Amino acid sequence: MTLVLHRIDDRLIHGQVVVGWAQPLDVRFIVLVDDEVATSEWEQELYRMGVPPNMDVYFLTVAKAIDELPRYRADVRHGILLTGDIGTMRQLVDAGGISSINLGGIHHRAGRTQRLRYVFLNDQEESALRDLATRGVAVSAQDVPGARPIPLDDLLHGVAS
Amino acid sequence: MSDGSTSGPRAIVAGHGDFAQGLVSAVDVITGRGAQLIPVAVPGLCAEDIEKLIRSRMQESGVKVIFTDLQAGSCTMAARRILRGVDDAVLIAGVNLPTLLDFVFAEQMPAVDAARHSAERGRIAITVVGAPAGVKQA
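Residues numbered from 1 in each chain as written. Chains lettered and ligands numbered in written order. Predicted model: local features only at pLDDT ≥ 70, side-chain atom pairs only at ≥ 80, totals over all residues.

For the rest of this paragraph, the subject is unusual backbone geometry. Residue and element names in this part refer to chain A. Phi at L12 takes a positive value of approximately 55 degrees, unusual for a residue other than glycine. Looking at the element boundaries, L12 is found in the loop between β1 (2–9) and α1 (15–21). For L12, a count of 24 C-beta atoms within 10 Å translates into the label buried. One non-glycine residue, D26, lies in the positive phi region at around 55 degrees. (Helix = DSSP H or I, 4+ residues; strand = E, 2+ residues; numbered from the N terminus. Buried ≥ 20, exposed ≤ 12 C-beta atoms within 10 Å, placed from the backbone.)

The structure is reproduced here in structure tokens:
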């Protein structure tokens, strides 16, 4: 079918992704784009153990993902594209083919301001998201399918809270 | 929380939302032995901070057993990172109430052995009562 969700989530593969989203969307594969994980067998094994046996996980560097995403978009199964940070997703958007982004979990770190229970952003990250929106990408925050999606404008202007 | 046992904390329970607090509360209501378990909630934390939190709870208490709720959950991922290369501790993922009830009563066993034993008890404690599979629903 195609990639049905493009998600930024610093926990990468976890309960909300594997159960919360994957079950209702009938997701059969996850494309996890992260330069560090893509070069660590141990990390990959850790994440593989978290998914059910009928779900594949593909670990790609950003460079490889840019080359291979068209192939995953043409897959007959439903898939999720997952990155752990905004910068990585932005590089994939630059390569084309992504029209919407789900902010699923960007948690507290020094320098970040809380925008939602599960979204904290610093100034650079806010700018990056604004830039994506300016370029026509629909950016919204939604941790689980049953929650209301919160558009970027509402998120940044405090309307969401 | 009352303490019906003679020992201090023997395990951490970690999971989504109030899962850990709820399970530990239930154990205490049933047995009075909830003090053997340290509930850990991780709202709003990134993976790195979850790992730091569970690690610090282990170091403070000296426990060698971690119970988590979901195989794919962030707490399980963090616990697996913590236990990497550690051969005297154990992680039990997919914990339920029967597992913990068995664990808190197995005080005569080393905590790691008690955890393994309780996992087996928890696994077989799930029963299905009612209509057999394949029966048409009205």
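Here we come to the interface of chain A and chain B. Tallying the contact residues gives 16 residues for chain A and 12 residues for chain B. Of the residues in the side of chain A that touches chain B, the class split is 7 nonpolar, 5 polar and 4 charged. (Contact = placed C-beta atoms within 7 Å. Nonpolar A, V, L, I, M, F, W, Y, C, P; charged D, E, K, R; others polar.)

Residue and element names in this part refer to chain B. Following both chains from N to C, one finds helix α2 (residues 47–61) and helix α3 (residues 74–82) inclined at 60 degrees, their axes separated by 9 Å at the closest point. As summarised for this structure, α2 and α3 are arranged oblique, according to the angle between their axes. Relative to α3, the crossing made by α2 is right-handed. In this structure, α2 uses A47, I50, E51, I54, R55 and M58 to contact α3, whose residues at the interface are S74, C75, M77, A78, A79, R81 and I82. A class-by-class count of the residues in the contact of α2 with α3 yields 9 nonpolar, 1 polar and 3 charged. (Axes fitted to C-alpha atoms, helices over the stretch in contact; angles between N-to-C directions. Parallel < 35°, antiparallel > 145°, perpendicular 65-115°, else oblique. Left-handed = near helix turned anticlockwise from the far one by under 90°.)

All names here are of chain B. Buried residues dominate strand β1 (residues 11–15), accounting for 5 of its 5 residues. In this fold, β1 hands off to helix α1 (residues 19–31), which returns the chain to strand β2 (residues 37–41); that crossover is right-handed. Examined bridge by bridge, β1 and strand β3 (residues 65–68) share 3 bridges and lie parallel to one another. Looking at the pairing, A14 lines up with T68 of β3. (Right-handed = clockwise from strand over helix to strand, strands pointing away. Pairing = 2+ DSSP bridges.)

Relative to the assigned elements, M89 of chain A resides in helix α4 (residues 86–94). Classification of M89 of chain A by C-beta neighbours within 10 Å gives buried; the count is 27.

All names here are of chain A. Taken in spatial order, the 7 strands of this open sheet run β3-β2-β4-β1-β5-β8-β9, and their pairing is mixed. Each of the sheet's edge strands pairs with one partner strand only, and the pair in question is β3 (56–60) and β9 (150–151). Bridge analysis of strand β2 (residues 27–33) against strand β4 (residues 78–83) gives 6 bridges, and the strand direction is parallel. Within β4, the position partnered with I30 by the bridge is I80. In the packing of α4 onto the sheet, the strands contacted are β1, β2, β4 and β5 (100–105), and the crossing angle to β1 comes to about 145 degrees.

What follows covers the packing of helix α3 (residues 62–73) of chain A against α4 of chain A. The geometry of a pair of packed helices is captured by two quantities: the angle between their axes and the separation between those axes. Residue and element names in this part refer to chain A. Interhelical geometry of α3 versus α4 gives an angle of 35 degrees and a closest axis separation of 10 Å. Our pair here, α3 against α4, has a crossing hand that is right-handed. Between α3, through V62, A65, I66 and L69, and α4, the contact on the second element is made entirely by T88, Q91 and L92. For the contact of α3 with α4, the per-class residue count stands at 5 nonpolar, 2 polar and no charged.

All names here are of chain B. Pairing within the open sheet is parallel, and its 4 strands lie in the order β2-β1-β3-β4. Only two strands of the sheet have a single neighbouring strand rather than two, namely β2 and β4 (90–93). Each strand axis lies, on average, 20 degrees off the axis of its neighbour in the sheet, ignoring direction. By the bridge criterion, 4 bridges tie β3 to β4 in an arrangement that is parallel. Bridge pairing in β4 links V65 to V90. Across the sheet, α3 is in contact with β1, β3 and β4; its angle to β3 comes to roughly 155 degrees.

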